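One letter stands for each residue in the lines below.
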Amino acid sequence: MAVRYIIGGTGKGKSELCFKKIVEEAEKNLNKNYFVIVPEQFTLQTQRDLVRLSSGKAIMNIDVLSFMRLAYRVFEELNIKERLILEDTGKNMVIRKLLGTLKKELKYYNNVVGKQGFTEDVKSLLSELMQYGITPERLEEIESKTNSQVLSAKLHDTSLIYKAFNNYKKEKYISAEQILEVLANEIGKSKLLENAVICFDGYTGFTPVQLKVIDLLLTKADDLFFTLTISKKDYESEENEKFRLFHLSKDTIRRINRLAEERG
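Residues numbered from 1 in each chain as written. Predicted model: local features only at pLDDT ≥ 70, side-chain atom pairs only at ≥ 80, totals over all residues. Heavy atoms only, no water.

1. A word on the packing of helix 3 (residues 67-77) against helix 8 (residues 179-186)
Item 1. Between helix 3 and helix 8, the shortest axis-to-axis distance is 9 Å and the interhelical angle comes to 45°. By the angle between their axes, helix 3 is oblique relative to helix 8. Here helix 3 and helix 8 pass one another in a crossing that is left-handed. On the side of helix 3, the interface is formed by F67, M68, L70, A71, Y72, V74 and F75, while helix 8 contributes I179, L180, V182, L183 and E186.
Item 2. Tallied by class, the residues present in the contact of helix 3 with helix 8 amount to 11 nonpolar, no polar and 1 charged. (Axes fitted to C-alpha atoms, helices over the stretch in contact; angles between N-to-C directions. Helix = DSSP H or I, 4+ residues; strand = E, 2+ residues; numbered from the N terminus. Parallel < 35°, antiparallel > 145°, perpendicular 65-115°, else oblique. Left-handed = near helix turned anticlockwise from the far one by under 90°. Contact = heavy atoms within 4.5 Å. Nonpolar A, V, L, I, M, F, W, Y, C, P; charged D, E, K, R; others polar.)

Structural data, given as structure tokens:
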């Protein structure tokens, strides 16, 4: 297993170089699986680029997927029948119902429950918390340590709504943000990912749950490629100030390197 970075400035051909390497290897190793993981909106264009670079104008053993589509591929392989996915519209309906029943218990948000846009804001907040692995219990822990009455009230209300939302969906539904958590639990069983070559393109950083998936892929795949926008000077620099132009890419490299070191 190896982790490889393809770095450079914007428009310098990082993706092209990575795709060429993937295509060349895939044409020589037809029994091996190759995956190119990109943000959802880039999947079609990436497929076109790979087909253009291939000698036969076809990609037989290369899959272009987003993180979510990778999860569904593994679920299909393992015949995992997942609970119903609660999409944004469904989340809004559930949250609106819960806010009505919790209104009297809310300390800070009780006066804005019926206002336009509040349900959407709560839905976005819960989605963000789930993506970054923040639990209701973590919010309660922070609440117990804060000296601000306003912040304490906000944390109390958010935790209350978050718990009610989790309890409502736990038997029948799963939110889109939790799919990668389920994937992480199943990666070890997948033969599809065994000894695969995986390229991550189009990302400047990864959420904690995406990093968890990457961490587990380190134990399954032969090679992991990452294309990242960062200059050679910044890549080699020891400085790590957050205000620097390529800090996010450098921080991503640091996080992946730490995972790779822990996996040996």
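2. Structural notes on the pattern of salt bridges
Item 1. Evaluation of the coordinates by the stated rule reveals 20 salt bridges.
Item 2. Here D49 ties to R52 by a salt bridge, and the two come within 3.7 Å at their closest N and O atoms. Pair noted here: D49 and R52 are both in helix 2 (residues 43-53), with a separation of 3 residues, about one helical turn.
Item 3. Among the residues examined, D49 registers a relative accessible area of 17% and is labelled buried.
Item 4. Across the salt bridge formed by K212 and E181, the nearest N and O atoms sit 3.1 Å from each other. In this pair, K212 is assigned in helix 9 (residues 208-217) and E181 in helix 8, connecting sequence segments 31 residues apart. (Salt bridge = Lys/Arg side-chain N within 4 Å of Asp/Glu carboxyl O. Buried < 20%, exposed > 50% of the residue type's maximum accessible area, 1.4 Å probe, protein only.)

3. A short note on unusual backbone geometry
Item 1. Located in the positive-phi region is K57, a residue other than glycine, with phi close to 55°.
Item 2. Note on placement: K57 falls in the loop between helix 2 and strand 3 (62-65).
Item 3. For N195, which is not a glycine, the phi torsion comes out positive at approximately 60°.
Item 4. Mapped onto the secondary structure, N195 falls in the loop between helix 8 and strand 6 (197-200).
Item 5. By relative accessible area, N195 is classed as partly exposed at 39%.

4. Focus: the packing of aromatic side chains
Item 1. Inspection of every chain in the model, using the stated rule, returns 12 aromatic pairs.
Item 2. Considering the side-chain rings of Y109 and F118, the 5.4 Å spacing of their centres and the 50° angle between planes classify their relative orientation as tilted.
Item 3. Using a relative accessible area of 11% as the deciding quantity, one classes F118 as buried.
Item 4. Grouping aromatic residues by their ring pairs yields a cluster made of Y5, F67, F200, Y203, F206 and F226. (Phe/Tyr/Trp six-rings, centres within 6.5 Å; stacked < 30°, edge-to-face > 60°.)

5. Observations concerning the pairing of strand 2 (residues 34-37)
Across a regular strand the side chains alternate sides, sitting on one face of the sheet and then on the other.
Item 1. Alternating positions in strand 2 separate into two faces, Y34 and V36 on one and F35 and I37 on the other, with burial throughout.
Item 2. The parallel pair strand 2 and strand 3, bridged by helix 2, forms a crossover whose chirality is right-handed.
Item 3. Direction of pairing for strand 2 relative to strand 6: parallel, over a ladder of 4 bridges. By the bridge assignment for strand 6, I37 is matched with F200. (Right-handed = clockwise from strand over helix to strand, strands pointing away. Pairing = 2+ DSSP bridges.)

Purely geometric stuff here, so don't read any function into it on its own.
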